[in-house]
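In case you want the letters, here they are:
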Amino acid sequence: MTGLKLFRFSDIFIYFLIVLICISVFFFFNGKSGSNIIIVEIDGKESYLFDSSKYGIFEIKAFEEKKMLLEISEEGVRLKESECPLKICLKRGFLGEYPDSIICVPLHAVIRFKGEIERNSKIDVISQ
Amino acid sequence: MIHNAKKTRNLVFLSFFILLSSAIFFIESLIPVPVPIPGFRWGFSNSIVLIIILLYGPKNAIITVLCKIFLGSMMSGRLFSPGFFMALGGGFVSVLVMSFIYSIKINGLAGISVAGAFSNNLVQLIIASAVFLRSAYVFYFLPYLAVIGTISAAINSLIALEGTKWIQKRNLI
(Lines give C-alpha, C1' and ligand atoms only; values in the text may rest on other atoms or scores of the structure.)
Protein backbone atom coordinates (compact mmCIF):
# COMPACT_ATOMS: atom_id res chain seq x y z
CA MET A 1 0.00 0.00 0.00
CA THR A 2 3.00 2.28 0.62
CA GLY A 3 3.26 5.02 -1.97
CA LEU A 4 -0.13 4.38 -3.55
CA LYS A 5 -1.44 7.55 -5.16
CA LEU A 6 -4.99 8.61 -5.90
CA PHE A 7 -4.26 9.37 -9.55
CA ARG A 8 -1.60 8.09 -11.90
CA PHE A 9 -1.02 8.82 -15.55
CA SER A 10 -1.72 5.19 -16.54
CA ASP A 11 -5.31 5.63 -15.26
CA ILE A 12 -5.98 7.39 -18.56
CA PHE A 13 -6.01 3.98 -20.29
CA ILE A 14 -8.82 2.82 -18.01
CA TYR A 15 -10.87 5.95 -18.71
CA PHE A 16 -10.13 5.64 -22.42
CA LEU A 17 -11.36 2.03 -22.48
CA ILE A 18 -14.57 2.99 -20.64
CA VAL A 19 -15.24 5.88 -23.04
CA LEU A 20 -14.55 3.57 -26.01
CA ILE A 21 -17.05 0.96 -24.77
CA CYS A 22 -19.68 3.66 -24.09
CA ILE A 23 -19.22 5.20 -27.55
CA SER A 24 -19.56 1.71 -29.12
CA VAL A 25 -22.84 1.23 -27.23
CA PHE A 26 -24.02 4.66 -28.37
CA PHE A 27 -23.27 3.89 -32.03
CA PHE A 28 -24.77 0.41 -31.79
CA PHE A 29 -28.17 1.83 -30.82
CA ASN A 30 -28.17 5.01 -32.83
CA GLY A 31 -28.73 5.41 -36.56
CA LYS A 32 -31.89 3.29 -36.40
CA SER A 33 -34.73 5.77 -36.40
CA GLY A 34 -37.89 4.88 -34.53
CA SER A 35 -41.58 4.58 -35.35
CA ASN A 36 -44.90 5.20 -33.57
CA ILE A 37 -45.27 1.53 -32.67
CA ILE A 38 -44.61 0.58 -29.06
CA ILE A 39 -43.21 -2.88 -28.37
CA VAL A 40 -43.54 -4.66 -25.06
CA GLU A 41 -41.02 -7.48 -24.73
CA ILE A 42 -41.65 -10.08 -22.03
CA ASP A 43 -38.83 -12.60 -21.54
CA GLY A 44 -37.27 -11.37 -24.78
CA LYS A 45 -40.40 -12.06 -26.85
CA GLU A 46 -42.36 -9.28 -28.53
CA SER A 47 -45.57 -9.94 -26.61
CA TYR A 48 -47.54 -6.74 -27.24
CA LEU A 49 -47.61 -4.01 -29.85
CA PHE A 50 -49.37 -0.68 -29.35
CA ASP A 51 -49.96 2.33 -31.55
CA SER A 52 -48.75 5.48 -29.78
CA SER A 53 -51.53 7.53 -31.42
CA LYS A 54 -54.27 5.39 -29.84
CA TYR A 55 -54.62 6.67 -26.30
CA GLY A 56 -55.74 4.57 -23.37
CA ILE A 57 -54.64 2.43 -20.46
CA PHE A 58 -53.68 -1.12 -21.40
CA GLU A 59 -53.11 -4.16 -19.23
CA ILE A 60 -49.95 -6.19 -19.79
CA LYS A 61 -49.38 -9.65 -18.39
CA ALA A 62 -45.68 -9.92 -17.66
CA PHE A 63 -43.49 -12.58 -16.02
CA GLU A 64 -45.44 -15.04 -13.83
CA GLU A 65 -48.72 -13.42 -15.05
CA LYS A 66 -48.00 -10.32 -12.97
CA LYS A 67 -49.77 -7.24 -14.26
CA MET A 68 -48.60 -3.87 -15.51
CA LEU A 69 -50.72 -0.96 -16.72
CA LEU A 70 -49.35 0.95 -19.69
CA GLU A 71 -50.72 4.43 -20.23
CA ILE A 72 -50.59 6.02 -23.68
CA SER A 73 -51.70 9.65 -23.68
CA GLU A 74 -50.99 12.97 -25.37
CA GLU A 75 -48.17 13.48 -22.90
CA GLY A 76 -46.46 10.24 -23.90
CA VAL A 77 -46.07 6.61 -22.88
CA ARG A 78 -45.48 5.50 -19.33
CA LEU A 79 -46.11 2.66 -16.90
CA LYS A 80 -48.97 3.58 -14.58
CA GLU A 81 -48.93 0.51 -12.36
CA SER A 82 -46.72 -2.52 -11.90
CA GLU A 83 -46.76 -5.51 -9.56
CA CYS A 84 -42.97 -5.42 -9.17
CA PRO A 85 -41.47 -4.86 -5.68
CA LEU A 86 -39.32 -1.73 -6.12
CA LYS A 87 -41.36 0.19 -8.72
CA ILE A 88 -38.22 1.56 -10.39
CA CYS A 89 -40.02 1.21 -13.74
CA LEU A 90 -42.79 3.56 -12.55
CA LYS A 91 -40.27 6.19 -11.45
CA ARG A 92 -38.81 6.10 -14.95
CA GLY A 93 -41.58 8.40 -16.19
CA PHE A 94 -42.35 8.90 -19.88
CA LEU A 95 -40.69 6.79 -22.54
CA GLY A 96 -38.28 8.70 -24.77
CA GLU A 97 -37.71 8.08 -28.48
CA TYR A 98 -36.05 4.91 -29.77
CA PRO A 99 -33.73 3.42 -28.44
CA ASP A 100 -34.85 4.58 -25.00
CA SER A 101 -36.77 1.97 -23.01
CA ILE A 102 -38.66 1.45 -19.78
CA ILE A 103 -37.24 -1.64 -18.11
CA CYS A 104 -38.65 -3.77 -15.32
CA VAL A 105 -36.13 -6.47 -14.40
CA PRO A 106 -38.32 -8.36 -11.85
CA LEU A 107 -41.15 -8.67 -14.39
CA HIS A 108 -38.73 -9.38 -17.30
CA ALA A 109 -40.24 -6.51 -19.32
CA VAL A 110 -38.80 -4.03 -21.82
CA ILE A 111 -41.06 -1.31 -23.25
CA ARG A 112 -39.75 0.73 -26.18
CA PHE A 113 -40.58 2.22 -29.54
CA LYS A 114 -40.00 -0.04 -32.52
CA GLY A 115 -36.84 0.70 -34.49
CA GLU A 116 -36.82 1.28 -38.25
CA ILE A 117 -34.90 -1.93 -39.04
CA GLU A 118 -37.38 -4.22 -37.27
CA ARG A 119 -40.46 -3.47 -39.34
CA ASN A 120 -41.05 -7.13 -40.30
CA SER A 121 -42.31 -8.17 -36.90
CA LYS A 122 -43.74 -11.61 -36.19
CA ILE A 123 -46.62 -9.98 -34.32
CA ASP A 124 -49.14 -8.54 -36.74
CA VAL A 125 -51.88 -7.56 -34.34
CA ILE A 126 -51.76 -4.17 -32.69
CA SER A 127 -53.67 -3.99 -29.41
CA GLN A 128 -56.60 -1.60 -29.65
CA MET B 1 1.43 -15.44 21.63
CA ILE B 2 2.05 -12.02 20.06
CA HIS B 3 1.41 -13.59 16.66
CA ASN B 4 -1.96 -14.94 17.89
CA ALA B 5 -2.94 -11.54 19.32
CA LYS B 6 -2.23 -9.88 15.97
CA LYS B 7 -4.20 -12.55 14.16
CA THR B 8 -7.17 -12.08 16.48
CA ARG B 9 -7.00 -8.30 16.08
CA ASN B 10 -6.97 -8.63 12.29
CA LEU B 11 -9.94 -10.98 12.46
CA VAL B 12 -11.88 -8.52 14.62
CA PHE B 13 -11.10 -5.61 12.27
CA LEU B 14 -12.01 -7.66 9.21
CA SER B 15 -15.34 -8.65 10.79
CA PHE B 16 -15.95 -4.99 11.61
CA PHE B 17 -15.27 -3.97 8.01
CA ILE B 18 -17.59 -6.70 6.67
CA LEU B 19 -20.35 -5.50 8.97
CA LEU B 20 -19.73 -1.85 8.05
CA SER B 21 -19.86 -2.56 4.31
CA SER B 22 -23.03 -4.67 4.77
CA ALA B 23 -24.64 -1.82 6.74
CA ILE B 24 -23.75 0.74 4.04
CA PHE B 25 -25.06 -1.68 1.36
CA PHE B 26 -28.31 -2.06 3.33
CA ILE B 27 -28.74 1.69 4.03
CA GLU B 28 -28.19 2.43 0.33
CA SER B 29 -31.03 0.08 -0.54
CA LEU B 30 -33.38 2.15 1.68
CA ILE B 31 -32.54 5.45 -0.01
CA PRO B 32 -34.88 6.16 -2.96
CA VAL B 33 -33.09 5.75 -6.28
CA PRO B 34 -32.42 9.21 -7.79
CA VAL B 35 -31.85 7.74 -11.26
CA PRO B 36 -34.44 5.09 -12.24
CA ILE B 37 -32.03 2.83 -14.14
CA PRO B 38 -31.88 -0.92 -13.41
CA GLY B 39 -28.72 -1.76 -11.51
CA PHE B 40 -28.13 1.79 -10.30
CA ARG B 41 -26.41 2.09 -6.93
CA TRP B 42 -24.14 4.72 -5.42
CA GLY B 43 -21.87 1.87 -4.31
CA PHE B 44 -20.33 3.64 -1.33
CA SER B 45 -19.76 0.29 0.39
CA ASN B 46 -17.10 -0.19 -2.27
CA SER B 47 -14.82 2.22 -0.37
CA ILE B 48 -14.63 -0.43 2.39
CA VAL B 49 -13.78 -3.10 -0.19
CA LEU B 50 -10.95 -0.89 -1.46
CA ILE B 51 -9.64 -0.47 2.12
CA ILE B 52 -9.69 -4.28 2.53
CA ILE B 53 -7.75 -4.75 -0.73
CA LEU B 54 -5.12 -2.25 0.49
CA LEU B 55 -4.83 -3.61 4.03
CA TYR B 56 -5.65 -7.32 3.80
CA GLY B 57 -5.30 -8.27 0.14
CA PRO B 58 -7.64 -9.56 -2.60
CA LYS B 59 -8.67 -12.84 -0.92
CA ASN B 60 -10.23 -11.09 2.07
CA ALA B 61 -11.78 -8.47 -0.23
CA ILE B 62 -13.61 -11.23 -2.16
CA ILE B 63 -14.92 -12.67 1.14
CA THR B 64 -16.02 -9.16 2.21
CA VAL B 65 -17.92 -8.55 -1.05
CA LEU B 66 -19.74 -11.89 -0.89
CA CYS B 67 -20.64 -11.39 2.81
CA LYS B 68 -21.70 -7.77 2.16
CA ILE B 69 -24.10 -8.76 -0.62
CA PHE B 70 -25.55 -11.74 1.28
CA LEU B 71 -25.96 -9.86 4.60
CA GLY B 72 -27.12 -6.59 3.01
CA SER B 73 -29.67 -8.37 0.81
CA MET B 74 -30.88 -10.46 3.76
CA MET B 75 -31.39 -7.31 5.85
CA SER B 76 -33.32 -5.58 3.07
CA GLY B 77 -35.39 -8.68 2.26
CA ARG B 78 -34.04 -8.88 -1.29
CA LEU B 79 -32.18 -12.17 -1.01
CA PHE B 80 -32.41 -14.20 -4.28
CA SER B 81 -34.26 -11.36 -6.05
CA PRO B 82 -33.05 -10.28 -9.54
CA GLY B 83 -31.27 -7.34 -7.87
CA PHE B 84 -29.42 -9.75 -5.58
CA PHE B 85 -28.07 -11.83 -8.47
CA MET B 86 -27.10 -8.69 -10.39
CA ALA B 87 -25.28 -7.30 -7.34
CA LEU B 88 -23.60 -10.66 -6.65
CA GLY B 89 -22.27 -11.07 -10.21
CA GLY B 90 -21.29 -7.42 -10.52
CA GLY B 91 -19.66 -7.30 -7.08
CA PHE B 92 -17.68 -10.51 -7.62
CA VAL B 93 -16.29 -9.47 -11.02
CA SER B 94 -15.65 -5.95 -9.75
CA VAL B 95 -13.49 -7.13 -6.83
CA LEU B 96 -11.54 -9.46 -9.17
CA VAL B 97 -10.89 -6.58 -11.60
CA MET B 98 -9.84 -4.21 -8.77
CA SER B 99 -7.55 -6.86 -7.22
CA PHE B 100 -5.92 -7.59 -10.57
CA ILE B 101 -5.30 -3.90 -11.38
CA TYR B 102 -4.01 -3.31 -7.84
CA SER B 103 -1.61 -6.27 -8.15
CA ILE B 104 0.05 -4.90 -11.32
CA LYS B 105 0.78 -1.67 -9.41
CA ILE B 106 0.72 0.80 -12.27
CA ASN B 107 -2.59 2.55 -11.55
CA GLY B 108 -3.76 5.03 -8.95
CA LEU B 109 -6.54 4.17 -6.52
CA ALA B 110 -9.05 6.28 -8.50
CA GLY B 111 -8.31 4.25 -11.64
CA ILE B 112 -8.70 0.98 -9.72
CA SER B 113 -11.99 2.13 -8.22
CA VAL B 114 -13.40 3.43 -11.53
CA ALA B 115 -12.47 0.16 -13.30
CA GLY B 116 -14.22 -1.76 -10.50
CA ALA B 117 -17.37 0.39 -10.73
CA PHE B 118 -17.54 0.10 -14.51
CA SER B 119 -17.03 -3.69 -14.50
CA ASN B 120 -19.71 -3.92 -11.81
CA ASN B 121 -22.21 -1.97 -13.98
CA LEU B 122 -21.30 -3.92 -17.10
CA VAL B 123 -21.73 -7.33 -15.45
CA GLN B 124 -25.00 -6.24 -13.81
CA LEU B 125 -26.40 -5.28 -17.21
CA ILE B 126 -25.11 -8.53 -18.76
CA ILE B 127 -26.93 -10.53 -16.05
CA ALA B 128 -30.12 -8.45 -16.42
CA SER B 129 -29.97 -8.82 -20.19
CA ALA B 130 -29.04 -12.50 -20.45
CA VAL B 131 -30.89 -13.99 -17.47
CA PHE B 132 -33.97 -11.86 -16.85
CA LEU B 133 -34.86 -9.65 -19.80
CA ARG B 134 -33.33 -11.56 -22.73
CA SER B 135 -33.04 -8.26 -24.50
CA ALA B 136 -30.01 -6.14 -25.36
CA TYR B 137 -31.84 -2.82 -24.93
CA VAL B 138 -30.78 -2.54 -21.30
CA PHE B 139 -27.24 -1.76 -22.52
CA TYR B 140 -28.52 1.60 -23.76
CA PHE B 141 -28.19 2.71 -20.11
CA LEU B 142 -24.52 1.72 -19.82
CA PRO B 143 -23.12 5.20 -20.69
CA TYR B 144 -25.40 6.80 -18.04
CA LEU B 145 -24.32 4.25 -15.43
CA ALA B 146 -20.67 4.77 -16.42
CA VAL B 147 -20.88 8.54 -15.78
CA ILE B 148 -22.56 8.17 -12.37
CA GLY B 149 -20.33 5.18 -11.50
CA THR B 150 -17.16 7.13 -12.30
CA ILE B 151 -18.18 10.00 -10.01
CA SER B 152 -19.07 7.71 -7.08
CA ALA B 153 -15.97 5.55 -7.68
CA ALA B 154 -13.70 8.62 -7.55
CA ILE B 155 -15.32 9.64 -4.23
CA ASN B 156 -14.91 6.05 -2.96
CA SER B 157 -11.21 6.02 -3.83
CA LEU B 158 -10.64 9.26 -1.91
CA ILE B 159 -12.51 7.86 1.13
CA ALA B 160 -10.51 4.61 0.90
CA LEU B 161 -7.12 6.32 0.61
CA GLU B 162 -7.75 8.71 3.49
CA GLY B 163 -9.35 5.92 5.57
CA THR B 164 -6.37 3.63 5.03
CA LYS B 165 -3.90 6.42 5.91
CA TRP B 166 -5.91 7.16 9.06
CA ILE B 167 -5.87 3.48 10.13
CA GLN B 168 -2.15 3.10 9.41
CA LYS B 169 -1.21 6.34 11.19
CA ARG B 170 -2.87 5.08 14.35
CA ASN B 171 -1.26 1.68 13.93
CA LEU B 172 -4.64 0.02 14.31
CA ILE B 173 -3.74 -2.91 12.06
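Basis of the calculations
Residues numbered from 1 in each chain as written. Chains lettered and ligands numbered in written order. Predicted model: local features only at pLDDT ≥ 70, side-chain atom pairs only at ≥ 80, totals over all residues. Heavy atoms only, no water. Buried < 20%, exposed > 50% of the residue type's maximum accessible area, 1.4 Å probe, protein only. Helix = DSSP H or I, 4+ residues; strand = E, 2+ residues; numbered from the N terminus. Pairing = 2+ DSSP bridges. Axes fitted to C-alpha atoms, helices over the stretch in contact; angles between N-to-C directions. 1 Å grid on protein atoms, 1.4 Å probe; cavity = no way out; pocket = protein on both sides within 12 Å on 5 of 7 lines; lining within 4 Å. Points joined across faces, edges and corners; volume = space filled by probe spheres on them. Nonpolar A, V, L, I, M, F, W, Y, C, P; charged D, E, K, R; others polar. Contact = heavy atoms within 4.5 Å. Buried area = accessible area lost by both parts, 1.4 Å probe. Salt bridge = Lys/Arg side-chain N within 4 Å of Asp/Glu carboxyl O. Polar contact = N/O pair within 3.5 Å; in protein donor to acceptor, adjacent residues only side chain to side chain.

J.: Which residues make up helix α2 (residues 46-56) of chain B, and what values do they have?
T.: Owing to its 3.6 residues per turn, the α-helix brings residues three or four apart onto one side. Counting buried positions along α2 of chain B gives ten out of eleven residues, so the element sits mostly inside the fold. Burial in α2 of chain B covers these residues: Asn-46, Ser-47, Ile-48, Val-49, Leu-50, Ile-51, Ile-52, Ile-53, Leu-54 and Tyr-56 of chain B.

J.: Break down the sheet that holds strand β4 (residues 67-72) of chain A for me, with residues and values.
T.: All names here are of chain A. Taken in spatial order, the three strands line up as β3-β4-β5 in an open sheet, and their pairing is antiparallel. What marks the edges here is a single partner per strand, and that holds for β3 (56-61) and β5 (77-82). Across the sheet, the axes of successive neighbouring strands diverge by a mean angle of 30 degrees, strand direction being ignored. Here β4 pairs with β5 via five bridges, running antiparallel. When the sheet's bridge partners are listed, Ile-72 is paired in β5 with Val-77.

J.: Please set out unusual backbone geometry residue by residue, giving values where relevant.
T.: Between Tyr-98 of chain A and Pro-99 of chain A the backbone carries a cis peptide bond, its omega angle lying at 10 degrees. Phi at Glu-64 of chain A takes a positive value of approximately 55 degrees, unusual for a residue other than glycine. Among the secondary structure elements, Glu-64 of chain A is positioned in the loop between β3 and β4. Positive phi, close to 55 degrees, is recorded for Lys-105 of chain B, a residue that is not glycine. Inspection of the secondary structure puts Lys-105 of chain B in the loop between α4 (82-104) and α5 (109-133).

J.: Summarise empty space enclosed by the protein; cite the residues concerned and give the values.
T.: The full count for this structure, using the stated rule, is two cavities of 30 Å³ or more. In this structure, the largest cavity encloses a volume near 320 Å³. Around the largest cavity, the lining comprises 29 residues; the ones closest to its centre are Arg-41, Gly-43, Asn-46, Asn-120 and Gln-124 of chain B. The set of elements that each furnish at least two residues to the lining of the largest cavity consists of α1 (2-30), α2, α3 (58-76), α4, α5 and α6 (142-169) of chain B. Across the lining of the largest cavity, the residue classes break down as 13 nonpolar, 13 polar and three charged. A volume near 30 Å³ is recorded for the second largest cavity. Together, Ile-88, Cys-89, Arg-92, Ser-101, Ile-102 and Ile-103 of chain A together with Pro-36, Pro-38 and Phe-141 of chain B line the second largest cavity. If you list the elements that add at least two residues to the lining of the second largest cavity, you get α2 (88-91) and β6 (101-104) of chain A.

J.: Hey, could you go over the interface of chain A and chain B for me, with residue numbers and the actual values?
T.: Of the residues lining the interface, 35 residues belong to chain A; the matching set on chain B comes to 38 residues. For the pair chain A and chain B, the summed buried surface comes to about 3400 Å²; carbon and sulfur atoms form 73% of the total. There are zero salt bridges connecting chain A and chain B. At the surface where chain A touches chain B, the tally comes to 14 residue pairs in polar contact (both at pLDDT 80 or more). Those elements that provide at least two residues to the side of chain A that touches chain B are α1 (11-29), α2, β6 and β7 (109-115) of chain A. Counting residues per element, the side of chain A that touches chain B draws most heavily on α1 of chain A, at eight residues.

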